[in-house]
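A closer look at the structure
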Amino acid sequence: MASYISALCLSFIFFFTLLSIFPSSITSLTFSLSRFHTNPSQDSYQNLNSLVSSSLTRALHIKNPQTKTTTTTTTTTTTNISSHSYGGYSISLSFGTPPQIIPFILDTGSHLVWFPCTNHYQCKYCSSSKIPSFIPKLSSSSRLLGCQNPKCSWIHHESIQCRDCNDEPLATSKNCTQICPSYLVLYGSGLTEGIALSETLNLPNRIIPNFLVGCSVLSSRQPAGIAGFGRGKTSLPSQLNLDKFSYCLLSHKFDDTTRTSSLILDNGSSHSDKKTTGLTYTPFVNNPSVAERNAFSVYYYVGLRRITVGGQRVRVWHKYLTLDRDGNGGTIVDSGTTFTFMAPELFEPLADEFVSQMVKNRNYTRALGAEALTGLRPCFDVPGEKTGSFPELKLHFKGGAEVTLPVENYFAVVGEGSAVCLTVVTDREASGGPSIILGNFQMQNYYVEYDLRNQRLGFKQQLCK
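Everything quoted here is computed from the prediction, not taken from an experiment.

Sheets are built from strands that pair by backbone hydrogen bonding, the pairs being arranged parallel or antiparallel. In space, the 5 strands of this open sheet follow the order 18-21-29-22-28, with mixed pairing throughout. Only two strands of the sheet have a single partner each, and these edge strands are strand 18 (300-302) and strand 28 (424-425). Examined bridge by bridge, strand 22 (residues 340-342) and strand 29 (residues 436-438) share 2 bridges and lie antiparallel to one another. Residue pairing in the sheet places Met342 in a bridge with Ile436 of strand 29. Contacting strand 22, strand 28 and strand 29, helix 5 (residues 344-361) crosses the sheet at an angle of about 105° to strand 22.

Below you can see the structure in the form of structure tokens.
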């Protein structure tokens, strides 16, 4: 997820740039999901190592976020989802009047919706030189969000002091023309900085005026804008007051495919209390400490009760699978993470069980070279095998829901197909926060439904297309 730091002031150049870009007067929808690509390495070892690094960096941030602050219509919307070489998935959304179409990374682990903004947008350490930007001055509906606007506090979680309005608190100041303070959002792999806009979001069958969206002019390591689908007030599901949303993620090939799958936004369905046919459900779990640790309130927690490998229960301390009094532990689902993260206390028994069954029972040998090159472990040599025998990985959730993952969702083929590696990562330096972060690699070719009205997660395996 993202962390927010309120920048009390930006450089005069930054503000003049922002102010100069604005005009003088300040049922079912389905979207396509696609994979986002940023010049992937031709070396599969290097590519996997990069994905391991980004997954671990994001996990460290999710576990220890730094948070500081200075009438309903019945619709269902469907859009396309694209898969990308860096391990993420994107959607395209239309903002402004007339509409401007911008790609966004789909992220259930954060809640701000922001796009690269203005002709002066800069992104450091971004491998893609052509990042589409939203141009506010070309939209008649673009407005800078005012400091007194209640939505300003959605970004800056503490009370906002509008200092240019006689230094009076937000609740009492009048006739304030000060804009909402700039935001600085930290992600595991980078950051973004900008100001808040009130803009029109154009969906295929409805128009949403006054949608809060971030206008970012500076970013680091962000290949596109981000559509936050977490639990916060600024998230897309919250602003649209969705009853549920669902997606099906294409199989990961870490390439520039043009294939897409679907994201469905459901608002006011007449059957919103009923379970979707064929789906298995587990309830969302409430974190008891979100009041003290606001950053954790964005996450979708689920109750993972146990893990089995080849029918054998992985022996772990139950306390690591549950939330403690401080809000640490438990399991979250995060579409923005590539490889699932597990705390060492969970990962090591899991890895040991795979080694025991693969080496002792199936006579495979460890591929230590592949482990060194990819950062994944354990890896196993599978020379010349077109079909291998691998232990089944099954996740058992609260409420009796079970997920038996297909082997391609937890093993990746590396090199020229001579080895396979377990696509779960860990880090002993990561403490606090969720014990398990279920990443999108494990969700590929699964239909996943976030039933917000009934507070449950539904899923079923299917070919996403």
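Taking 1.5 Å of rise per residue, 18 residues should cover 26 Å, and helix 5 covers 24 Å from first to last C-alpha, within 8% of that figure. Restricting attention to buried positions, one finds in helix 5 the residues Pro344, Leu346, Phe347, Glu348, Leu350, Ala351, Glu353, Phe354, Gln357 and Met358. Immediately downstream of helix 5, the backbone of Asn363 shows phi near 65°, a positive value.

We now examine the UniProt feature "active site" (unreviewed entry) in the protein. On the UniProt side, "active site" (unreviewed entry) is annotated at positions that read Asp107 and Asp334 here. Taken along the chain, the residues just named run across 228 residues; in space they keep tight, none of their C-alpha pairs more than 7.0 Å apart. With respect to the helices and strands, Asp107 occurs in strand 5 (residues 100-107). Asp107 has contacts with Arg58, Tyr187, Ile226, Ala227, Gly228, Phe229, Gly230, Asp334, Ser335 and Gly336, leaving out every residue within four places of it along the chain. Of note is the side chain of Asp107, whose polar atom sits 2.7 Å from the side chain of Ser110. Mapped onto the elements of the fold, Asp334 is located in the loop between strand 21 (331-333) and strand 22.

Counting residues in hydrophobic clusters, the biggest one holds 71 residues, and the most contacted among them are Phe95, Phe115, Phe245, Tyr247, Leu350 and Tyr450. Residue contributions to this core reach at least three from each of two domains, namely domain 1 (28-63 + 86-158 + 178-266) and domain 2 (280-461). Apart from the residues lying within four places of it in its own chain, the contact partners of Phe95 are Gln100, Phe104, Val113, Phe115, Phe134, Glu199, Thr200, Leu201, Asn202, Phe211 and Val213. The next biggest cluster of nonpolar side chains, apart from the first, holds 25 residues, and it includes Tyr301, Leu376, Ala419 and Val425.

This paragraph deals with the state of the cysteines. A complete count under the given rule lists 5 disulfides for this structure. With a sulfur-sulfur separation of 2.1 Å, Cys117 is cross-linked through a disulfide to Cys215. As the torsion about the S-S bond is roughly -90°, the Cys117-Cys215 disulfide counts as left-handed. Of this pair, Cys117 sits in the loop between strand 6 (113-116) and strand 7 (122-124) while Cys215 sits in strand 13 (residues 206-220), placing them 98 residues apart in sequence. Cys215 gets classed as buried once you look at its relative accessible area, which sits at 0%. Disulfide pairing is shown between Cys379 and Cys421; the S-S distance is 1.9 Å.

In this section: helix 2 (residues 44-63). For helix 2, which comprises 20 residues, the first-to-last C-alpha distance of 28 Å matches the rise-based estimate of 28 Å (1.5 Å per residue) to within 8%. Looking at helix 2, one finds that the buried residues are Asn47, Leu48, Leu51, Val52, Ser55, Leu56, Arg58, Ala59, His61, Ile62 and Lys63.

Here the protein averages 84 in pLDDT, and 82% of its residues register 70 or above. Predicted confidence is poor over residues 5-13, with pLDDT under 50, and the contacts of this stretch with residues over four places away or in other chains come to 18 contacts. Long-range and interchain partners of residues 37-42, a stretch whose pLDDT sits below 50, account for 18 contacts in this model, where long-range means more than four residues apart.

Each value, and the rule that gives it
Residues numbered from 1 in each chain as written. Predicted model: local features only at pLDDT ≥ 70, side-chain atom pairs only at ≥ 80, totals over all residues. Heavy atoms only, no water. Pairing = 2+ DSSP bridges. Helix = DSSP H or I, 4+ residues; strand = E, 2+ residues; numbered from the N terminus. Contact = heavy atoms within 4.5 Å. Axes fitted to C-alpha atoms, helices over the stretch in contact; angles between N-to-C directions. Expected span 1.5 Å × (residues − 1). Buried < 20%, exposed > 50% of the residue type's maximum accessible area, 1.4 Å probe, protein only. UniProt positions renumbered as here; feature names shortened; annotations may be inferred. Polar contact = N/O pair within 3.5 Å; in protein donor to acceptor, adjacent residues only side chain to side chain. Core = buried A, V, L, I, M, F, W, Y, C linked by side-chain atoms within 4.5 Å. Domains from an automatic or database assignment. Disulfide = S-S within 2.5 Å. pLDDT = per-residue confidence, 0-100.

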